[in-house]
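# What the coordinates show
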Amino acid sequence: MKKVLHMKKIFLATVTATVLLSTSCSDWTDPEAEDYSRPLPELQNPDQYGAYLASVRNYKLGAHKIMMIDVPAVSIKPNVQNQHPMMYPDSVDYICVSDILSGLHPDVVAEFHEVLAAKGTRSLCVVDFSLIEEAWTSMEEARADADEEPGTMEEFDDYCRKQTLRQLDCCDKYGLSGIEISYQNNTSTELKRVGQQAFLECVRAWRDTHTSKRMIFRGYAQNVLNEFRPLLHDCHYIVYPCGSTSAANQLTVAINRMIRSNPDLPSDRFVLEITLPTLEDPAQVGVTAETGAEWVIKPEETFSKAGMSVLNAADSYFQIDCNYKEIRRAIGIMNPENNQEDDEDIQ
C-alpha cells in the first residue's frame, strides 16, 4: 500500500492545479451533466495515472483488511457523483448493489466493468430475502383486506423460489463479479423455515454453476439451517451487521457466543457492517466507522476479522471537507500505512 500512496502523491502533485482551475461547485450537482465536468485524470497524465491504478490493483491482490460498500441500484442515467462507481474511493474492494430488480442503467453497468478493470473493485448483486418476505407480507395484507384466503405454504415456497431466481439472474444479466446473500431472518416459525429452505436452495443451485464467482453471506449465520452450513464455508466472507450495538467489546462477546453455540460455523472471515449518519438523520446508530475500524484490527483468539462493510455508503459522499470521509478514515485505520489524507482519491 505504501507504493499506492507514493504513486498517488506524485499524481496529485501533477494534476491538482489543473483540477482546481477547471472545477466549479455546480459541476458536482448539475442534473444535466453527462460527463464528470472536468478534465479526467487519465487525460491529464496517462502514464502516471496508469502506474497509479496498477498499484491500486496490486494492493487489492495482497493481504489487507477489505472495505465493502452497499449502494442502491441506479436505473436512471447518473446525474450526481455518488451514482458513479468510478467515483467511489479507490481502495474499496467490493461494491454491493442492493434493490437490483429496479434495474441498472447501461452507463452504470459500463462503469462497474470499468472500475473492475481499472481498480480491481468487484461489484456484487445483493440477493436479499427481506425484499421477498416484505413483498409477500404486503400480498397477505391485501388478501386480508379483500376477505380472501391467505396464501398457502406451497404458494409461499413457490413465490420465494421465483423471486430468489429473479435476483440471482441479475448477476449474469449485468456481468457482475458475484453475489452477496442477505439473510437476517430466523427459523422460529414454519413459514420462516420454508422461506429459508426455498431461498438457500436456489442460492446453492446457483453456486453449483457459478463456482468462479465471488459469494459473500450477510446476516446472522447462526440462524442458517444445518443443511446449508456448508454454503457458509464456501463464502469468501461473512458480514456481521452490528445493528444498534455501540460498544466494540459487545461485538466481540456476541460473535464469541455465536461461535461457541455453533462450532460448525466458519470463524476466519468476519466482516463488520456499520451504518453512517445522514444529513436527514445525523444520529449515529451502532458503532461508528472509526470505532469499527479500530475493532477490526484488534486480534482475537477465537475468530478472525477480515474488514468492514458500510451499509449506506452513498450517504457518505456529502461531506463538507472530504467526500466519503468516514470510509476513507476507516480504510486508513484498518490498513495503517494508508494515511487518511493520502487516501483521498482523485475525484
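The rules behind the values
- Numbering of residues starts from 1 in every chain and runs along the sequence as written.
- Side-chain atom pairs in this predicted model are given and counted only at pLDDT of 80 or more, local residue features only at pLDDT of at least 70, and totals for whole chains, interfaces and linings cover all residues.
- To obtain the side-chain values, all non-hydrogen atoms of the structure were used and water was disregarded.
- Numbering of helices and strands starts at the N terminus; helices are DSSP runs of H or I of at least 4 residues and strands are runs of E of at least 2.
- Exposure categories follow from relative accessible area, calculated using a 1.4 Å probe and restricted to protein chains: below 20% of the type maximum is buried, above 50% is exposed, and the middle band is partly exposed.
- Every residue pair with non-hydrogen atoms within 4.5 Å of one another is taken to be in contact.
- Accessible surface is estimated by sampling points in the Shrake-Rupley manner with a 1.4 Å probe; for residues, cover comes only from the protein chains shown.
- Stacked, edge-to-face and tilted are the three classes for Phe, Tyr and Trp ring pairs, Trp counted by its six-membered ring, which pair at centre distances within 6.5 Å; planes under 30 degrees apart are stacked, over 60 edge-to-face, the rest tilted.
- In our convention, an over-ring charge means Lys NZ or Arg CZ found within 6 Å of a ring centre and within 35 degrees of that ring's normal.
- As used here, the arc is the angular range of directions from the helix axis to the C-beta atoms.
- Every case where a carboxyl oxygen of Asp or Glu lies within 4 Å of a side-chain nitrogen of Lys or Arg is listed as a salt bridge.
- Among buried residues, those of type Ala, Val, Leu, Ile, Met, Phe, Trp, Tyr and Cys that are joined through side-chain atoms within 4.5 Å constitute a nonpolar core.

For the protein, the helix and strand inventory stands at 11 helices and 8 strands. With 347 residues in all, the protein has 51% of them scored as buried. Sequence separation of 24 or more characterises 76% of the internal contacts of the protein that already satisfy a separation of 6 or more. Carbon and sulfur atoms provide 52% of the accessible area of the protein, an area that totals close to 16000 Å².

The next subject is the packing of aromatic side chains. Each aromatic ring pair is specified by the distance between its two centres and by the angle formed by the two planes. A complete count under the given rule lists 11 aromatic pairs for this structure. An angle of 35 degrees between the planes, with centres 6.2 Å apart, marks the rings of tryptophan 295 and phenylalanine 303 as tilted. With a relative accessible area of 3%, phenylalanine 303 lands in the buried category. Taken together, the aromatic side chains of Phe129, Tyr183 and Phe199 make up a single cluster linked through ring pairs. For the cation-ring pair, arginine 143 lies above tryptophan 136, with the distance from its terminal atom to the ring centre recorded as 5.0 Å. The ring of tryptophan 295 carries lysine 305 above its face, with NZ or CZ at 4.0 Å from the centroid.

In this section: unusual backbone geometry. If you check the backbone angles, aspartate 99 has positive phi at about 50 degrees while not being a glycine. Topologically, aspartate 99 is positioned in the loop between strand 2 (94-98) and helix 4 (106-119). Here aspartate 99 falls in the partly exposed class, since its relative accessible area comes to 42%. Look at tyrosine 324: it is not a glycine, yet its phi comes out positive at around 55 degrees. Relative to the helices and strands, tyrosine 324 is located in the loop between strand 8 (305-310) and helix 11 (325-334). On the accessibility criterion, tyrosine 324 (1% relative accessible area) is buried.

Listing the buried residues of helix 10 (residues 289-296) in full gives Ala289, Gly292, Ala293, Trp295 and Val296. Angularly, the buried residues of helix 10 cover 160 degrees about the axis, an arc narrow enough to put them on a single face. Tucked into the core, helix 10 has its buried residues touching helix 9 (248-261), strand 7 (270-274), strand 8 and helix 11.

Let us look at the pattern of salt bridges. Overall, the coordinates contain 13 salt bridges when judged by the stated rule. The network of salt bridges with shared partners includes Asp157, Arg161 and Glu201.

What follows covers the nonpolar core. By size, the foremost hydrophobic cluster in this structure holds 83 residues, and its most contacted members are Met67, Ile179 and Ile327. Looking at which element gives the most residues to this core, the answer is helix 7 (residues 190-208), with 7 residues. In contact with isoleucine 327, other than residues within four places in its own chain, are Met67, Ile69, Pro89, Val92, Leu276, Val310, Ala313 and Ser316. Met68, Val126, Tyr237 and Ala306 belong to the second-largest nonpolar core, a separate cluster that totals 11 residues.

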